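A structural walkthrough
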Amino acid sequence: MITLRPHQERIINRMRDYDKGQVIVPTGGGKTLTMIIDTQRRHDVVKNGTTTVVVAPRILLAEQLCSEFLEVVDTVNTHIMHVHSGETQHFSTTKADQIHIFASVARTAGENVIIFTTYHSLHRVMEADIEVNTIYFDEAHNSVQRNFFPATEFFSNDADRCYFYTATPKHSLTITKPGMNDPAVYGQVLINVPAPELVEQGYILPPKVVVKQLPMIKGRKVVFADDCDNLIETIDDNNIDKTLICARTTKQIINLLTHSDFCAELYQRGYSWMTITSKTGAIIDGKKVDREKFFDTLNTWGKDPDKKFVVIHHSILSEGINVSGLEAVIFMRNMDYIGISQSIGRVIRLGDKTKTFGLVCIPTYDAVGIGTARKVQAVVDVVFNQGQPAISEIRR
């Protein structure tokens, strides 16, 4: 028997009362479980079967969501389908006719269907011309992108129930571009769970921002030797064992790992390292691995209290992906409010009992670092002091 947290009960109740709207929950607030419980309750109530669609920004997250659903949802008379280009053990296709047949056969038999897809492939579900009873848009700020919005708008009007989940809404201040402040598509905000409430109740940790002042580099470009020295100094000064590093570019990652002493310095301190980018693929301590091995190792190391490691990425780990045990995030680059808030969310999840905050480090040694520090402080103030979501705005 699953016991929901008070804010999760409030979310479920609001979804019971309204067929469309936005659910604003801080990262680490357990939003996925509310989708799962809502789905199971619909399966219990609707005896002739129901079709549910779960939309994620990345294939990795679609697969993670599927695994989490299947840990709870009764799979008797429930059929799982994936609509994206990734590999999965479940039936998977991006062909509209096959999606239609799969869903229609199950529904004719009075059985349930759950479809896991991505924003990139959601238009394939739209083209399949199937009845969708409930659709959950995870990390819904992605749905305002030009390529994704037509399918989003379609299901907002066509599905029986439609919910947009995010910690970081994206609004538009121009009529020429979509934003989540359009109630015709996104509905009203059904619930906004403030981060301070979750901190006070012990469900997430507060962030602690540390701006690491380093000698300013003027009159020349930053080189990878500077990045190496400044990262190592930041790690040493803060006694960080498990760290996520948000690099400026893939090139910076490659240079750090191949043209500096960074790996050797980590090795001397007892650290392992791992990275994952679209260009390099997944690498652990210099060895290329597949993505499954990468994420299995990442979570195993995260749960090991004695393991010290850094994981370097540009953007692939910022959003949605659950990572166990990360203690700190180091910002090497500036981001919008969404990227900053999502990255902080990787390190404020509960860990071992000695972890009392998520460390947010910004080494400042050039204009990028100074600008990043200001924006990170602003996000933390809005989300964790004022209790409001970090809203990104489209202005032109």
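Residues numbered from 1 in each chain as written. Predicted model: local features only at pLDDT ≥ 70, side-chain atom pairs only at ≥ 80, totals over all residues. Heavy atoms only, no water.

Notes on the environment of methionine 332
- Counting through the fold element by element, methionine 332 comes out in the loop between β16 (328-331) and α13 (337-345).
- Here methionine 332 falls in the buried class, since its relative accessible area comes to 4%.
- In this structure, methionine 332 is in contact with Asp227, Leu231, Ile245, Cys246, Ala247, Arg248, Gln252, Pro363, Tyr365 and Val368, ignoring residues within four places of it in sequence. (Helix = DSSP H or I, 4+ residues; strand = E, 2+ residues; numbered from the N terminus. Buried < 20%, exposed > 50% of the residue type's maximum accessible area, 1.4 Å probe, protein only. Contact = heavy atoms within 4.5 Å.)

Quick word on the sheet that holds β16
- Pairing in this open sheet of eight strands is mixed, and the strands run β10-β17-β16-β11-β15-β12-β13-β14 from one edge to the other. Both outer strands of the open sheet, β10 (207-213) and β14 (287-289), are each paired with one neighbouring strand and no more. Adjacent strand axes in the sheet meet at a mean angle of 20 degrees when their direction is disregarded.
- Here β16 runs beside strand β17 (residues 358-364); their pairing, made up of three bridges, is parallel. Its bridge partner lying in β17, isoleucine 330 is registered against cysteine 361.
- Here helix α10 (residues 250-258) sits on the sheet in contact with β12 (272-277) and β15 (309-313), set at roughly 150 degrees to β12.
- With respect to the sheet, helix α14 (residues 367-385) is in contact with β10, β16 and β17, its orientation differing from that of β17 by roughly 155 degrees. (Pairing = 2+ DSSP bridges. Axes fitted to C-alpha atoms, helices over the stretch in contact; angles between N-to-C directions.)

Brief notes about the pairing of strand β2 (residues 51-56)
- For β2, the buried fraction is high: six of the six residues fall into the buried class.
- Residues Thr51, Val53 and Val55 of β2 are buried on one face, and the alternating residues Thr52, Val54 and Ala56, pointing to the opposite face, are buried as well.
- Bridge count for β2 against strand β6 (residues 134-137) is four bridges, and the pairing is parallel. Directly across from valine 53, in β6, lies its bridge partner isoleucine 135.

Quick look at the environment of aspartate 38
- Of note, aspartate 38 is situated in helix α2 (residues 31-45).
- Considered as a pair, aspartate 38 and isoleucine 12 are 26 residues apart in the sequence and their alpha carbons are 6.5 Å apart.
- Apart from the residues lying within four places of it in its own chain, the contact partners of aspartate 38 are Ile12, Met15, Thr134, Tyr136 and Arg161.
- Within the local environment of aspartate 38, its side chain forms a polar contact with the side chain of arginine 161, the two groups lying 2.9 Å apart. (Polar contact = N/O pair within 3.5 Å; in protein donor to acceptor, adjacent residues only side chain to side chain.)

Description of α13
- Here α13 lies mainly inside the structure; eight of its nine residues are buried.
- Taken together, the buried positions of α13 are occupied by Ile338, Gly339, Ile340, Ser341, Gln342, Ser343, Ile344 and Gly345.

Notes on the environment of phenylalanine 69
- Relative to the helices and strands, phenylalanine 69 resides in helix α3 (residues 59-70).
- It is 32 Å that separates the C-alpha atoms of phenylalanine 69 and valine 382, two residues lying 313 residues apart in sequence.
- What phenylalanine 69 contacts, discounting residues up to four positions off in sequence, is Met35, Ile36, Thr39, Val54, Ile114 and Phe116.

Describing the pattern of salt bridges
- Evaluation of the coordinates by the stated rule reveals nine salt bridges.
- Of the charged contacts, one joins lysine 31 and aspartate 138 as a salt bridge, the two residues approaching to 2.6 Å between their closest N and O atoms. With lysine 31 in helix α2 and aspartate 138 in the loop between β6 and α6 (149-158), the pair connects residues that are 107 residues apart, well separated along the chain.
- The exposure class assigned to lysine 31 is buried, which follows from its relative accessible area of 12%.
- Residue arginine 395 pairs with glutamate 393 through a salt bridge whose shortest N-O separation is 2.6 Å. (Salt bridge = Lys/Arg side-chain N within 4 Å of Asp/Glu carboxyl O.)

Considerations on unusual backbone geometry
- Although it is not a glycine, asparagine 77 adopts a positive phi angle of roughly 60 degrees.
- Along the chain, asparagine 77 turns up in the loop between α3 and β3 (78-83).
- Assessed through its relative accessible area of 45%, asparagine 77 is described here as partly exposed.
- Phi angles above zero are rare outside glycine, and aspartate 129 is one such case at about 55 degrees.

Considerations on the packing of aromatic side chains
- Scanning the model with the defined rule gives twelve aromatic pairs in all.
- Among the aromatic residues, those joined into a cluster by ring pairs are Tyr119, Phe137, Phe148, Phe149, Phe164 and Tyr186. (Phe/Tyr/Trp six-rings, centres within 6.5 Å; stacked < 30°, edge-to-face > 60°.)

Details of a negative patch on the surface
- A contiguous patch of negative charge on the surface is contributed by Asp19, Asp129, Glu131, Asp158 and Asp160.
- Within the secondary structure, aspartate 129 is located in the loop between α5 (122-127) and β6. (Patch = residues over 30% accessible without salt bridge, like charges linked within 9 Å, V, L, I, M, F, W, Y side chains within 5 Å. Areas by Shrake-Rupley, 256 points an atom, 1.4 Å probe, with all protein chains shown as cover. Lys, Arg positive; Asp, Glu negative; His and termini not counted. Charge placed at Lys NZ, Arg CZ, Asp CG, Glu CD.)

Comments concerning the nonpolar core
- With 57 residues, the main nonpolar core has Phe294, Phe331 and Ile344 as its most contacted residues.
- Ignoring anything within four residues of it in the chain, the contact list for isoleucine 344 reads Pro207, Phe331, Val360, Val376, Val380 and Phe384.
- Membership of the second largest hydrophobic core comes to 30 residues, among which are Tyr119, Ala128, Ala159 and Tyr186. (Core = buried A, V, L, I, M, F, W, Y, C linked by side-chain atoms within 4.5 Å.)

A few points about α14
- When the terminal C-alpha atoms of α14 are compared, their 26 Å separation across 19 residues agrees well with the 27 Å that a helix rising 1.5 Å per residue should span.
- Buried residues of α14: Gly369, Thr372, Ala373, Val376, Val379, Val380, Val383 and Phe384, and no others. Along α14, the residues classed as buried sweep out an arc of 135 degrees about the axis, all on the same side. What points out from α14, more than 90 degrees from its buried face, is the exposed set Ala367, Arg374 and Asn385.
- Where α14 is buried, its residues contact α8 (195-200), β10, β16, α13 and β17.
- Downstream of α14 by one or two residues, glycine 387 has phi in the positive range, about 75 degrees. (Expected span 1.5 Å × (residues − 1). Arc of directions from axis to C-beta.)

On their own, these measurements won't tell you what the molecule is for.
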